[in-house]
Structure formats: C-alpha cells, structure tokens
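In case you want the letters, here they are:
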Amino acid sequence: MKINEIRNELLNEMYYDIDHPSGLKILIMPKAGYTSTYAIFATKYGSIDTMIETKDGSFREIPEGTAHFLEHKLFESEDLDAFERFAKTGASANAYTSFDRTGYLFSCSGNFKENLEILLDFVQNPYFTQATVEKEQGIIGQEIDMYKDIPDWEVMFNCLRNMYHNLPVRIDIAGTQESIAQITADMLYDCYNNFYNLNNMVLAVAGNTTVEEVLEVADKVLKPVEGKMAQRKIIEEPKEVKADYCEKKLSVATPQFMLGFKEEWDTPERTAKEEIAMEILLDMISGPSTDLYKRLFDANLINNNFGFEYFTGFGYSCVLFAGESNDPKTVSEEIKKEIRHFREKGFDEKVFERTKKKLYGRMIMGMNDVDGLANNMAVSYFADEDVFTDFETYKTVTVEDIRELLNKTLDENYSTLSVILPNN
Amino acid sequence: MHFENIADGVRLCAQGTDKFKTCRINISMAMPLDSGTSARAILPFILHRRCAKYPDYITLNRVLDELYGASVSAGVLKRGESQILSFNLTAIDDRFALDGDTVALECVQLLTDMIFDPLTEGESFPADIIEQEKRLLIEAIENEMNDKRRYALMRCEEIMFKDEAYSINRLGSVDEVKTLTPEEVYSAWKEVLCKATIQVTMVGSMDIAPVAEMLKNRFSSIKRDVAEINTVFVNEVNQPEYVCEEMPIKQGKLVMGFRTAMADEYDNSVPMRIAVDIFGGGTYSKLFSVVREKMSLCYYCSAAFFSSKGIVMVQSGIEDANEEKARNEILNQLSLVAKGDFSDEDFSSSIKSITDSIISNNDTPESICAWYSSQIFRESLKTPEAYVEEINEVEKSQVVEVAKTITLDTVFMLKSNGEVIDDED
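Since we're looking at a predicted model, the values are computed, not measured.

The next point concerns the domain arrangement of chain B. All names here are of chain B. When its domains are assigned, chain B resolves into domain 1 (2-220) and domain 2 (241-416). Between domain 1 and domain 2, the C-alpha centre-to-centre distance is 29 Å. Between domain 1 and domain 2, the contact holds 38 residues from the first and 40 residues from the second. Interface area, domain 1 with domain 2, both sides summed: about 3,400 Å², of which 66% is carbon and sulfur. Summed over the three residues of domain 1 that lose the most area to domain 2, namely Arg-79, Arg-149 and Met-160, the buried surface amounts to 20% of that side. Counting across the interface, domain 1 meets domain 2 through seven salt bridges. Between Arg-259 and Glu-164 there is a salt bridge, and its shortest N-O distance comes to 2.9 Å. Counting every contact that joins domain 1 to domain 2 gives 16 residue pairs in polar contact (both at pLDDT 80 or more). If you list the elements that add at least two residues to the side of domain 1 that touches domain 2, you get strand S2 (10-16), strand S3 (22-32), strand S5 (82-92), helix H6 (148-160) and strand S6 (197-204).

In structure tokens, the structure reads:
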C-alpha cells in the first residue's frame, strides 16, 4: 500500500494520501488537540450525470434527480437502516448531492472506528425495493416543493436554465415530480453499479484520528473491486445563451436577481489558477471594497445581500452576480459598464495586491474546521489537486493573468439576467 | 478560560489557544425587548460599517482587506425577552501574518473603535447615513418573509405571544424604523453603552491583557447603570388557538407552539432538552422516524426547544391537504413521549447524540465563542464538559415528567392560495 505524506510548511499541516488495495483513495488529516472527527465517503456522481455508460460504450439517459434519489435510498438496508445504526453511537450523520458529487458523512467526538465502519458498510451495501422507492417519492416530492418556494434557489436555476441549452447543470438537483416518478429500484441498482465503484470514490477523514485507526477499519470493511472510473459524457453546448432575460413572480418583498456570464473553454474543467485569478478579478470589480459596490449601495440599488460566484464544474463555467434590488436591470447595466471600464481603462496594481492579501487571509480562515478540511480534501482529489494547491497557486497569479482573463471572459454578449419579482 | 470583570455588568471571557489558525471575538450587548427595540436594532449595522477614524465603509473595508481579509459582522438576536446586539470578528492568527504584523490586536482596536468611537455629528449621527441604514434595515425586516419556514415560525410567535414582549421582532418593526431620527438612534447608542449587559468573548492565541486594558479604558468614561432583563414564563394555556393564512406558495408550512411548566431558564431545562430531542430532534426521534420516514408526509418535521422562554416549537413543510393528518400525528407522538412510550435505546441515543454534539463545540473558534456568549446572563459560565455531566445524570423518569408539561398553545398554518404557476421551460 502506497502512503504519501502531503505537507505544507507555511500552514504547518500535513495529511496522508493512500492508495488502498481495494481501489479506494483514502485521505487522512490527523489534527492535534481536536476532540471531534469528520469523515466523508464520496463518489464522483452528481445531478449533472444524467447519462450512464452502457456495456457497448454508448450512453443512455437516466431520469433527472436520480443521483439525489439514490443518496436518500442508500441509507436504507434490509434490517437496521444507517440512521438507526448511527443513533447507537451518537454520531451526527448526513449526506448531500451536488452538481458533480454525492457525499455521505458523519461527525463524532467518540466511537470513531465504529462510526467509520457503519459509513463504509452502508454505502457499499445498497438495498432498494419498489416499495421503498415509492415511499421516498413522497418525501423527495416535498423536498422539491420546498425548494420551489425558496427565491434564492429559483433565481439561480432560472438563470442556469436561461444560460444553457443542453448542459444538465440547468436541471434541479432533486429533479422534478415527474422525473422522480419514473425512478425504479432496478434503475437505482444500475446507477449504483456504475458510479459507486471504489475507483470512482474517495474517503477523506480529518480530526481526532490516526492512519492506523482508519486503515484498520478500511482493511476490514472495504471489498476490493475490479473496474474503472465511471466516464462522464461530454455534452455539446452552443456558445450563445438560450435567453438573455427571464422573470418569475414569487412571494418576496424585494425583487431578487442573478446576472450570469457564460464562458467557453477548450477543456471541461478549470484549473486552480484560473479559478483563483477569477476570484481576484471579481473581487476587484465588485467586492465590498470597490467603487462599483459603493456606487450601487449609495444609489439604493443593492443591499447587504450582494455577491458574486465563479460557478464551475465538469463541462460548465460561468460568473454569477446576485442580489436584491428594486431595479435589477439598472444593476445589471452598471455591472456590465464596470467590466467594460476595467477592460478599457485597466486597474490599479495596488488593488490587485490588496485583493491578493485578502484572499490569502480568507484561505487561512478556511483551514480550521474538520468538516471543511475533509470536504476540501475530497473535492481537491476529484479535481486532481491537493488541499494546499491553492496556497501555492495564488502566489503565481500575476497582473498579466488578470488582464488576460478580462479579455477572454465576462463578455456581455453571452450574459443573461434572471429576476424574481414580488407577486403582490 | 479566563474571566474578568471589566466594569459593572461587563465581562471578558477569553480562551487562549493556538489550536486554530484564526482568532474570533464576539461582543454581545443585551437590553430588554421593549419599545426601544427598533432604535437599537439599527445600531450594530451602522456601527460595523464605519467609525470616526474610517468614516465610510469602502475605506473601512479596504483597511480590513489589508488586515488579511479580517471580517466583521453585525447582527441582532433574541434570547428570551432580551434583544442582543452582536458583533463578530474573525482574523488570521498573528503567526500567519506575512510581514510580522500583529493583526489580531489591530483588529480588536478597530472593532472597539466601531462601537465606542463611531462617526458622529455633534450629539447625533449623520442624517444621510441614518437614512441609508433605515432603508437597509427595512429591507432586511421585509425580506424575512422570503424564507417561508422562518416566516411561518415568526408569525406563530407573533400570535402566540401577542400579550408578551417575546412577540417583538428582534429587528424592530418597519413602521417604527421609518420614523427613527438620527437623534433617537444616537441616544439609543448612548443608552446601550450605559445600560446593556455586555460580554466580550474571545478565542485565539493573542494576549489577553492588552485587550482587557483596551476595554477598561473604553468603559472608564462611561457611567454604568445596568438595565434589568426579565423574561416572563407563562405556564397556563387555555384553549389552543388556530390561525391559518394564505400566500402564493407551493408547500404549506405548519408551526405548532407549545408551552411548558418551566419557571425560569434553568428550571428542568436539561431533562426538557432530552424530552424535546426524543420527540423531534435527531433521526431517531419520533417526528423524524414516524412523520417523515414511516408516513412520508414531509421532508422535515422537527421540534426545537427554546430554554430562554421555556417553549417548544414544532415545524414541518407539508402538502396543504395533509395538514390535519400531520397535526394529529405530531400530537400523538408527543403524547407517547409523555407516557414514557419510548425505548431505553431511544433515550440513550438522544443522550449520546446531544453530548457528542456539545463536545464537538470545542473544535471551532466560532462554536466556542457562541457557546459562551449564549451564557451572557449566567453568573458563572458552564463548560461543555460540565453540561455533558448534567445530561448524563438525567433519568428517564425525569424526561417523562417534564414531557407531560408540554402543552399545545398555538397552531399556525401557512397555506397556498392556489396562485402558484409552475415553471415552463
């Protein structure tokens, strides 16, 4: 078994990177002085995986929301379900499905080995029947309805639906009432067998633990598998947005908006450097220390809930600005104007240095919590990076990188505005 | 843990540790929930965006950027019948500063500048700033309705506590905020400095002495006259009240408010916490395992215990048509807890889960700070370990006894008015 130590001198942190004989990648960060431990067992399978590879190498469609549905159902087994097992240990267990991964997790301050065994065991042992699938349709149906009333969620998905013609990032993570009605137990087994291969997964643990403890449980519970990483189908997407504006009415007090800029790249995933450079650029354009922010704030066009995100994943990347405003169209025009201004007039290099310093501090702040660390280890592994990559990469970002990015992205011809208006 | 009295009703609590890469400071200032709530609610937001030294928020934010992205946030909480103005600061630990800066102390200096040395205009605050902050606070109050789950809970509280101070929104009311003058807000600020119960909680590796010194200096010129804060605990319930409102929404929100026999915040609160957890806490609870898992009625159905007022609030998101079914089952599950109809295993699951999560509080500066700042009214502070000991001493019979006193007071249902249109793609 190969055990690598991944270190960072500045942070005085290290973790172990292990290729377990079962095929699973295991990452362990012991934290001195911590009483709790957090573990996440994740697979590279999320809501964007709406195509499954068949034996002949072609792809077949599966219903929207299947990854999330499978996440709910995996907790069940023929006898005690996973929640009942965790109830005996006191751990707090949960799971989540995002666009590009599904994670099962627990945190505990005692009985760690027992908890880890439950986690590895239940995720490796699916049990689906038609009756339990039907029961879950009621629960998830209510989850879907709940999100329909959450304006932040609606404004985002409307924006993504406007932006993309084909990419599955435009669909709701939980699917729709109609799509989940099509899910069957057999379908869940097919997806499970395709995506829950240990070679497609990672276990990340941080906190009050040791390599020996984790490996003792892993050796006992992990079942070696043959197989390979599940393949993701690359989906064609035109450069243009599907629509440049949409609005919907919901019971909100102040209108909400999301302005998105669609990007086109030659490779499906963004590098750490591209992401960091974009974070810096966006903070320089519209962060809380900028002239644009002050202008919008003083003109009563935005409030405290204004922000941006570089939204990226396999096959998609876009820039999103979001907030609450009585005049979303003017805010949108002002943001576009500021981007043009940056492009034409350039920017002060002192601002670039200050923003970098802030980013450094914020990265340090993200290195405290065991849940954040374990999640970061898992996500970094799926991105072929390590947890410390960003710390090394941010130093290499130059003013030139920012200028180049500015010329390549944030093109208003490929932007779209999504608005939620009050319905009374 | 280091405790120090800074002035009358002002306490400093500091946990020195180099376990974390950041330091965290919370300043909590508590006043009674009363007619001055709106004028005080606007204060933390005004104060945290500027000060005499850095008179506008862009300048201040740039200073924070230079301090390695230190962040200052402001908020208002309700705890029992008190309103707590709260400031939080997070900065990197000095050992990560790249040029030998003393970031943490500078940040504390800045935070105290904001609170004690704000941007003023004579005996008032600048009128344009007050106008802008009023606009922001009004939007914040109005936008609370955007989160329907929270909104339904607030409406239930308004109805249930209509004759008690607890019904006052911690952020004040839109009508009152609209009429606030700069002079009123200024005198509210003066009043808080003089009358609030104050706790400063800090976690990190920084020296405590200079911070204590700084705070003592700040308070040396303030004549303290601490306001008394009392929360009324109502144990009597007449006929439960039912209120239903309609809105253009997709999913109905059911809230059920219960009272208990608690006489004050500490009266039987430990067994009550376990009782409420067995009723509607973790995944082993009655509400999760029956109302969600067995009956598939909802995605969430849970009970929350507010010891500071001695009440229990149950919330669930359901289809409107299932309202009665859900309501009856929730009451049925409560009666089972009150009859002691839960296994020893459920009891021990609950104790294990509560103690596990309490002990986990030791592992982030934010949770340590929150743990101690929530004890602002306690004479002596309790460590997570001491609380866990109390939990482990509770017997099943005590849980059943207190569960019997949980009595339905108010039901609030937020329903669809049938006007929601589904998306067309």
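To continue, consider the packing of aromatic side chains. Counted according to the given criterion, the structure contains 38 aromatic pairs over all chains. Ring geometry for Tyr147(A) against Trp153(A): centres 4.5 Å apart, planes inclined by 40°, an arrangement best described as tilted. A residue is classified by how much of its surface remains accessible, and Tyr147(A), at 24% relative accessible area, is partly exposed. Members of the aromatic cluster, each reached through a chain of ring pairs, are Tyr45(A), Phe75(A), Phe83(A), Phe86(A), Tyr104(A), Phe106(A), Phe112(A), Phe122(A), Tyr192(A), Phe195(A), Tyr196(A) and Phe288(B). Over the face of the ring belonging to Tyr34(A) we find Lys19(B), whose NZ or CZ atom lies 4.9 Å from the ring centre. Between the NZ or CZ atom of Lys78(B) and the centre of the ring of Tyr166(B), over which it lies, the distance is 3.8 Å.

Across the contact, 66 residues belong to chain B and 71 residues belong to chain A. Of the roughly 5,800 Å² buried between chain B and chain A, counting both surfaces, carbon and sulfur atoms make up 48%. Its salt-bridge partner being Lys21(B), residue Glu13(A) comes within 2.3 Å of it at the nearest N-O pair. On the surface where chain B and chain A come into contact, there are 36 residue pairs in polar contact (both at pLDDT 80 or more). The set of elements that each furnish at least two residues to the side of chain B that touches chain A consists of helix H3 (57-66), S5, helix H5 (127-142), helix H11 (286-294), strand S9 (298-306), strand S10 (311-318), helix H13 (344-360) and helix H14 (365-373) of chain B. Sorting elements by how many residues they give to the side of chain B that touches chain A places H13(B) first, with seven residues. Residues that form the side of chain B that touches chain A fall into these classes: 24 nonpolar, 17 polar and 25 charged.

Let us now look at helix H15 (residues 399-408) of chain A. Residues and elements named next belong to chain A. Within H15, burial applies to Val-399, Asp-401, Ile-402, Leu-405 and Leu-406. Projected onto a plane normal to the axis of H15, the buried residues spread over an arc of 160° and lie on a single side. In this structure, H15 carries Glu-404, Asn-407 and Lys-408 as exposed residues pointing more than 90 degrees from its buried face. On its buried side, H15 packs onto helix H9 (272-286), helix H11 (328-345), helix H12 (349-365) and helix H14 (389-396). Of the residues one or two after H15, Leu-410 is the one with positive phi, at around 55°.

Conventions used here
Residues numbered from 1 in each chain as written. Chains lettered and ligands numbered in written order. Predicted model: local features only at pLDDT ≥ 70, side-chain atom pairs only at ≥ 80, totals over all residues. Heavy atoms only, no water. Domains from an automatic or database assignment. Contact = heavy atoms within 4.5 Å. Buried area = accessible area lost by both parts, 1.4 Å probe. Salt bridge = Lys/Arg side-chain N within 4 Å of Asp/Glu carboxyl O. Polar contact = N/O pair within 3.5 Å; in protein donor to acceptor, adjacent residues only side chain to side chain. Helix = DSSP H or I, 4+ residues; strand = E, 2+ residues; numbered from the N terminus. Phe/Tyr/Trp six-rings, centres within 6.5 Å; stacked < 30°, edge-to-face > 60°. Buried < 20%, exposed > 50% of the residue type's maximum accessible area, 1.4 Å probe, protein only. Lys NZ or Arg CZ within 6 Å of the ring centre and 35° of its normal. Nonpolar A, V, L, I, M, F, W, Y, C, P; charged D, E, K, R; others polar. Arc of directions from axis to C-beta.

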